[in-house]
Amino acid sequence: MAAKTEEAALGYEQARDELIEVVRRLEAGGTTLEESLALWERGEELAKVCRHWLEGARARLDAALSAGGNDGPGTGAAEE
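Cut-offs and rules
Residues numbered from 1 in each chain as written. Predicted model: local features only at pLDDT ≥ 70, side-chain atom pairs only at ≥ 80, totals over all residues. Heavy atoms only, no water. pLDDT = per-residue confidence, 0-100. Helix = DSSP H or I, 4+ residues; strand = E, 2+ residues; numbered from the N terminus. Axes fitted to C-alpha atoms, helices over the stretch in contact; angles between N-to-C directions. Parallel < 35°, antiparallel > 145°, perpendicular 65-115°, else oblique. Left-handed = near helix turned anticlockwise from the far one by under 90°. Contact = heavy atoms within 4.5 Å. Expected span 1.5 Å × (residues − 1). Polar contact = N/O pair within 3.5 Å; in protein donor to acceptor, adjacent residues only side chain to side chain. Buried < 20%, exposed > 50% of the residue type's maximum accessible area, 1.4 Å probe, protein only.

**Details of the confidence of the model for the protein chain**
Piece 1. Averaged over all residues, the pLDDT of the protein chain is 86; the fraction at 70 or higher stands at 75%.
Piece 2. Confidence, read as mean pLDDT per element, is least for helix 1 (residues 2–9) in the protein chain (64) and greatest for helix 2 (residues 12–28) (98).

**Quick look at the packing of helix 2 against helix 3 (residues 33–67)**
Piece 1. At a closest axis distance of 9 Å, the pairing of helix 2 and helix 3 adopts a crossing angle of 150 degrees. Considered as vectors, helix 2 and helix 3 are oriented roughly antiparallel to each other. Once helix 2 is placed against helix 3, the crossing between them reads as left-handed. In contact with Y12, A15, R16, E18, L19, V22, R25 and L26 of helix 2, helix 3 contributes S36, L39, W40, R42, G43, L46, A47, V49, C50, W53 and L54.

**Considerations on helix 2**
Piece 1. Between the first and last C-alpha of helix 2 there are 24 Å, a value that for 17 residues agrees with the 24 Å anticipated at 1.5 Å per step.
Piece 2. Downstream of helix 2 by a residue or two, G29 has a phi angle that is positive, lying close to 75 degrees.

**Focus: the environment of E18**
Piece 1. As for its position among the elements, E18 is in helix 2.
Piece 2. For the pair E18 and G43, spaced 25 residues apart in sequence, the C-alpha to C-alpha distance is 8.2 Å.
Piece 3. When neighbours within four sequence positions are excluded, E18 is seen to be in contact with R42 and L46.
Piece 4. Among the polar contacts listed, one links the side chain of E18 to the side chain of R42, at a separation of 2.8 Å.

**Overview of the environment of V49**
Piece 1. Its place among the elements puts V49 in helix 3.
Piece 2. Accessibility expressed as a relative area gives 7% for V49, which makes it buried.
Piece 3. Each C-alpha atom, one on V49 and one on G11, is 8.3 Å from the other, the two residues being 38 residues apart in sequence.

Listed below in C-alpha coordinates is the structure:
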(Lines give C-alpha, C1' and ligand atoms only; values in the text may rest on other atoms or scores of the structure.)
Protein backbone atom coordinates (compact mmCIF):
# COMPACT_ATOMS: atom_id res chain seq x y z
CA MET A 1 0.00 0.00 0.00
CA ALA A 2 2.92 2.35 0.67
CA ALA A 3 4.00 2.10 -2.97
CA LYS A 4 0.60 3.40 -4.12
CA THR A 5 0.90 6.39 -1.78
CA GLU A 6 4.43 7.10 -3.01
CA GLU A 7 3.33 6.91 -6.66
CA ALA A 8 0.40 9.23 -6.01
CA ALA A 9 2.76 11.74 -4.41
CA LEU A 10 5.05 11.85 -7.45
CA GLY A 11 4.50 14.74 -9.79
CA TYR A 12 4.73 14.23 -13.53
CA GLU A 13 8.15 15.82 -13.91
CA GLN A 14 9.57 13.88 -10.97
CA ALA A 15 8.26 10.56 -12.31
CA ARG A 16 9.47 11.39 -15.84
CA ASP A 17 12.96 12.30 -14.63
CA GLU A 18 13.25 9.11 -12.59
CA LEU A 19 11.98 7.09 -15.55
CA ILE A 20 14.65 8.65 -17.77
CA GLU A 21 17.28 7.62 -15.23
CA VAL A 22 15.91 4.06 -15.07
CA VAL A 23 16.04 3.77 -18.87
CA ARG A 24 19.56 5.18 -18.93
CA ARG A 25 20.73 2.61 -16.40
CA LEU A 26 19.06 -0.24 -18.28
CA GLU A 27 20.57 0.86 -21.59
CA ALA A 28 24.03 1.23 -20.04
CA GLY A 29 23.99 -2.40 -18.95
CA GLY A 30 26.35 -3.75 -16.34
CA THR A 31 23.58 -4.68 -13.91
CA THR A 32 22.70 -8.14 -12.73
CA LEU A 33 19.57 -9.83 -13.95
CA GLU A 34 17.89 -9.19 -10.61
CA GLU A 35 18.83 -5.49 -10.70
CA SER A 36 17.64 -5.20 -14.29
CA LEU A 37 14.29 -6.75 -13.41
CA ALA A 38 13.89 -4.39 -10.44
CA LEU A 39 14.70 -1.43 -12.69
CA TRP A 40 12.23 -2.64 -15.31
CA GLU A 41 9.48 -2.99 -12.71
CA ARG A 42 10.20 0.49 -11.35
CA GLY A 43 10.14 1.84 -14.89
CA GLU A 44 6.72 0.30 -15.47
CA GLU A 45 5.41 1.90 -12.26
CA LEU A 46 6.83 5.29 -13.26
CA ALA A 47 5.38 5.03 -16.77
CA LYS A 48 1.98 4.35 -15.22
CA VAL A 49 2.31 7.47 -13.05
CA CYS A 50 3.26 9.57 -16.09
CA ARG A 51 0.39 8.12 -18.11
CA HIS A 52 -2.03 8.93 -15.27
CA TRP A 53 -0.85 12.56 -15.16
CA LEU A 54 -1.06 12.91 -18.94
CA GLU A 55 -4.55 11.41 -19.07
CA GLY A 56 -5.63 13.85 -16.35
CA ALA A 57 -4.16 16.76 -18.28
CA ARG A 58 -5.94 15.61 -21.45
CA ALA A 59 -9.24 15.37 -19.59
CA ARG A 60 -8.80 18.90 -18.22
CA LEU A 61 -8.00 20.24 -21.69
CA ASP A 62 -11.00 18.47 -23.20
CA ALA A 63 -13.24 19.85 -20.45
CA ALA A 64 -11.91 23.37 -20.95
CA LEU A 65 -12.38 23.16 -24.71
CA SER A 66 -15.91 21.81 -24.44
CA ALA A 67 -16.82 24.43 -21.81
CA GLY A 68 -15.65 27.11 -24.22
CA GLY A 69 -18.45 26.24 -26.58
CA ASN A 70 -18.22 27.59 -30.12
CA ASP A 71 -16.20 30.69 -29.23
CA GLY A 72 -12.90 28.97 -30.00
CA PRO A 73 -10.51 29.78 -32.84
CA GLY A 74 -11.74 29.14 -36.33
CA THR A 75 -15.45 29.43 -35.51
CA GLY A 76 -15.81 33.02 -36.60
CA ALA A 77 -17.67 34.01 -33.42
CA ALA A 78 -14.90 36.27 -32.17
CA GLU A 79 -14.23 37.67 -35.65
CA GLU A 80 -17.64 39.27 -36.12
